[in-house]
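# Inside the fold
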Number of protein chains: 2
Amino acid sequence: MKKTTIKDIAAILNISPHTVSKALNNKPGVGEEMRQQIKQTAQELNYIPNIFGKGLSGKSSKTIGLVLNVTTSPSPTYWYIVTGAEEKAGACGYNVMLCNSVEDIQKEAAVIQMLLEKRVDGMIISPVDHPQDNHNLEKVKQAGIPYVLLARTIHFQQHPCIRLDSRRGAYLAGKYLIEKGHTNILHLTRQYSLIAVEERIEGLKAAFHEKGLAFPEENIYRECQETIENASYVMLKILRERRDFTAVLAYNDVMAFGAMKAVHECRLRIPADVAIMGFDNISFDEISLVPLTTVNRDFYALGRAAVEMLICMIEGRQNECVPALPDSYIVERQSV
Amino acid sequence: MKKTTIKDIAAILNISPHTVSKALNNKPGVGEEMRQQIKQTAQELNYIPNIFGKGLSGKSSKTIGLVLNVTTSPSPTYWYIVTGAEEKAGACGYNVMLCNSVEDIQKEAAVIQMLLEKRVDGMIISPVDHPQDNHNLEKVKQAGIPYVLLARTIHFQQHPCIRLDSRRGAYLAGKYLIEKGHTNILHLTRQYSLIAVEERIEGLKAAFHEKGLAFPEENIYRECQETIENASYVMLKILRERRDFTAVLAYNDVMAFGAMKAVHECRLRIPADVAIMGFDNISFDEISLVPLTTVNRDFYALGRAAVEMLICMIEGRQNECVPALPDSYIVERQSV
């Protein structure tokens, strides 16, 4: 099917294409009645404005690219980020294009390239956890469009970034567990050296130091992936080797579910034999084997704040914009 | 920062812009060594090909738009669709742009318009549940680009569509519950008259009719939203009014979790007092209050199949392409 052009609309209304263009771009020189008639005709003919022309002439396409980095069986936290981002963007008149790098540096390169080609006004990127410096980010920087890194970063301090605090959340969790009488705690965490991993460890240690206690390195297990299945597997392995601990703090709620499943399978009681604490406060915490005590983190606010920060950059109002993120707090249920 | 153009590359290599263009577009008339040198220079300068030009000249941008329709606290099934779709698209050399219509007809219009403007090669759309005919879909049709509707449709039989079967899954669930001795079953389902809602009811009734039993209309509760919170609220209301039933089949696992929470709060035993059965088989089923017996549905395969179908349409090979979706089956855990 042939696409409708400005010429088609002009021919139907028996006016010049120039008049049609002026009307559709809200420029002066067309009477209001004619403008309405032109717009209505354009709509009836399904006319699609030539945004390529807009892109080439440097005008905003009012589109933000959001590059997530989610593998299978994810924590629903990603969807809270997306929801917050879309709501804020919508309120500011922007659309969001979502891409997923699937923790793969080449895929990340491809989606960033695509977003550059599609002339987005800016990007929010949750970068791939890459041991060397991430050249994909350099590419975005060199393309000269505004961008904000999301949620996690360690090697990339030279980039604008927004994320939820991990240190204070883990400090609160450690303090809470100590108050509940737990001083031999395992920390089940991720494989890679994300800043979010290190900050949680720092926060946990700080809570212990405050009480004159040490947090031994051998209580930190860094081998866990973010799935129930893997966390359960790792926890079962630990339970075969030692049972001297009375509590587990997991990197996030999904890992806590895995630990819970393993403890349950070993016929240990939660929290009487082993207390389990999560991190994030996702909706499934309410209905887990034992409803999960956790640290609330506001990913919805993170999504909103990232978009706010990016739009300020796009519109040249960086200095006006200091998005505030709410503090973490403990949500008591029944697992501690 | 100024964007790199073909002229910049030509100036550096001291050749004509026309040669650069031929090399970058893989056209004949450039020696292999020079072609490689031009491509390398383009990469070093972060040259971004002018996809707007490509769009205007009708060439493929190798991009698929995927319009989801997810509100807050979603079932993770959506992410399985995305993962399957991205994997299949990637294997075929396509990128995926994801948008969310948030069950809002105006937002759906905006994202479809954006994807048309960005010149995607085709779209996969999970349409908004709109009581009247959805004009957004007519717009896509009239734009003349290939599209496939995903997962649910009732008013839109005139559009190409792929989705998982609901009838057989609900038939299997009904048969399973009857075999376990349950003949007074409540069905907790969604508010709107999606075909997926009606087909589950048909399947459930068919299992009952097969055994010479009727399934009374008053056992069907159509007032539920797809969140744990709402399903729990609805179930508590039911439990205050009647306790004559021995089992609940929920529209999906998230609603089953809500029902489970309500039954648990009323200090009824699962499954001894009330059996609970879900639909979908999401990862959290393994760690719910009582691990959830459910119907497995392969959303990952659905995502892959939708992309396969769309790419066949884009590439004019419709007739070669009949994507097969795996059958539903019962996953036995401990809630029935």
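Calculation notes
- Residues numbered from 1 in each chain as written.
- Chains lettered and ligands numbered in written order.
- Predicted model: local features only at pLDDT ≥ 70, side-chain atom pairs only at ≥ 80, totals over all residues.
- Heavy atoms only, no water.
- pLDDT = per-residue confidence, 0-100.
- Contact = heavy atoms within 4.5 Å.
- Buried < 20%, exposed > 50% of the residue type's maximum accessible area, 1.4 Å probe, protein only.
- Helix = DSSP H or I, 4+ residues; strand = E, 2+ residues; numbered from the N terminus.
- Arc of directions from axis to C-beta.
- Polar contact = N/O pair within 3.5 Å; in protein donor to acceptor, adjacent residues only side chain to side chain.
- Pairing = 2+ DSSP bridges.
- Axes fitted to C-alpha atoms, helices over the stretch in contact; angles between N-to-C directions.
- Phe/Tyr/Trp six-rings, centres within 6.5 Å; stacked < 30°, edge-to-face > 60°.
- Lys NZ or Arg CZ within 6 Å of the ring centre and 35° of its normal.
- Salt bridge = Lys/Arg side-chain N within 4 Å of Asp/Glu carboxyl O.

Take the confidence of the model for chain A next. Confidence in the prediction for chain A averages 88 pLDDT; 91% of positions are at 70 or higher. With pLDDT under 50 throughout, residues 51-57 of chain A is counted as low confidence; its partners more than four residues away or in other chains account for 16 contacts.

All names here are of chain A. All of the buried residues in helix H7 (residues 135-143) are Asn-136, Leu-137, Val-140 and Ala-143. One side of H7 carries all its buried residues, which in axial view fall inside an arc of 120°. Contact partners of the buried residues in H7: helix H6 (105-117), strand S3 (122-125) and strand S4 (147-150). Positive phi shows up at Gly-144, right after H7, with a value of about 75°.

So, about unusual backbone geometry. Residues apart from glycine generally show negative phi values, whereas peptide bonds are mostly found in trans. In this structure, Pro-271 of chain A follows Ile-270 of chain A across a cis peptide bond, with omega equal to 5°. By the element assignment, Pro-271 of chain A lies in the loop between helix H11 (253-265) and strand S9 (275-277). Here the phi dihedral of Asn-281 of chain B falls at roughly 70°; this positive angle occurs in a residue that is not glycine. Looking at where Asn-281 of chain B falls in the secondary structure, it is placed in the loop between strand S9 (275-277) and strand S10 (294-296).

Here we take up the side chain of Ser-335 of chain A. Residue and element names in this part refer to chain A. Turning to its location among the elements, Ser-335 is positioned in the segment after strand S11 (329-331). Polar side-chain contacts of Ser-335 include one of 2.5 Å to the backbone oxygen of Ile-276. A polar atom in the side chain of Ser-335 sits 2.9 Å from the backbone nitrogen of Thr-293.

Now for the sheet that holds strand S6 (residues 185-190) of chain A. Working definition: the strands of a sheet are paired by backbone hydrogen bonds and lie parallel or antiparallel to each other. All names here are of chain A. Within the open sheet, the 4 strands sit side by side as S7-S6-S8-S9. Their pairing is parallel. The sheet is open, and its two edges are formed by strand S7 (220-224) and S9, each paired on a single side. Looking at each pair of strands side by side, their axes are set apart by 20° on average, direction ignored. With respect to the sheet, H11 is in contact with S6, S7, strand S8 (247-250) and S9, its orientation differing from that of S9 by roughly 165°.

Now for the packing of aromatic side chains. Going through the model one piece at a time under the given rule, you end up with 6 aromatic pairs over all chains. Between Phe-208 of chain B and Phe-215 of chain B, the ring centres sit 4.9 Å apart and the planes meet at 90°, which makes this aromatic pair edge-to-face. Owing to a relative accessible area of 1%, Phe-208 of chain B belongs among the buried residues under this scheme. The class of Phe-215 of chain B is buried, set by a relative accessible area of 6%. Every member of this aromatic cluster is reached through a ring pair, and the members are Phe-257 and Phe-284 of chain A together with Phe-257 and Phe-284 of chain B. In this structure, Arg-200 of chain B is placed above the aromatic ring of Tyr-251 of chain B, and the distance from its NZ or CZ to the ring centre is 3.9 Å.

Moving on, we come to the sheet that holds strand S6 (residues 185-190) of chain B. Residue and element names in this part refer to chain B. In spatial order, the strands read S7-S6-S8-S9; together these 4 strands make up an open sheet with parallel pairing. Across the chains shown, the open sheet's two edge strands, defined by having one partner strand only, are strand S7 (220-224) and S9. Sheet twist, expressed as the mean angle between neighbouring strand axes with direction ignored, is 20°. Helix-sheet contacts for helix H9 (residues 195-210) involve S6, S7 and strand S8 (247-250), and the interaxial angle to S6 is about 165°.

Quick look at the environment of Pro-146 of chain A now. All names here are of chain A. Inspection of the secondary structure puts Pro-146 in the loop between H7 and S4. Taking the C-alpha atoms as reference points, Pro-146 and Leu-186, separated by 40 residues in sequence, lie 41 Å from one another. Pro-146 has contacts with Asp-121, Gly-122, Met-123, Leu-310, Met-313 and Ile-314, leaving out every residue within four places of it along the chain.

In this section: the pattern of salt bridges. If charged atoms from side chains of opposite charge come close, those side chains can pair. Residue and element names in this part refer to chain A. A full pass over the atoms with the stated rule returns 36 salt bridges over all chains. For Glu-32, the salt bridge identified is with Arg-35, shortest N-O distance 3.6 Å. Residue Glu-32 and its partner Arg-35 are both found in helix H3 (residues 32-44); the two are separated by 3 residues, about one turn of the helix. On the accessibility criterion, Arg-35 (10% relative accessible area) is buried. With a shortest N-O distance of 3.3 Å, Arg-297 and Asp-280 are connected by a salt bridge. Of this pair, Arg-297 sits in the loop between strand S10 (294-296) and helix H12 (299-314) while Asp-280 sits in the loop between S9 and S10, and the two are 17 residues apart along the sequence.

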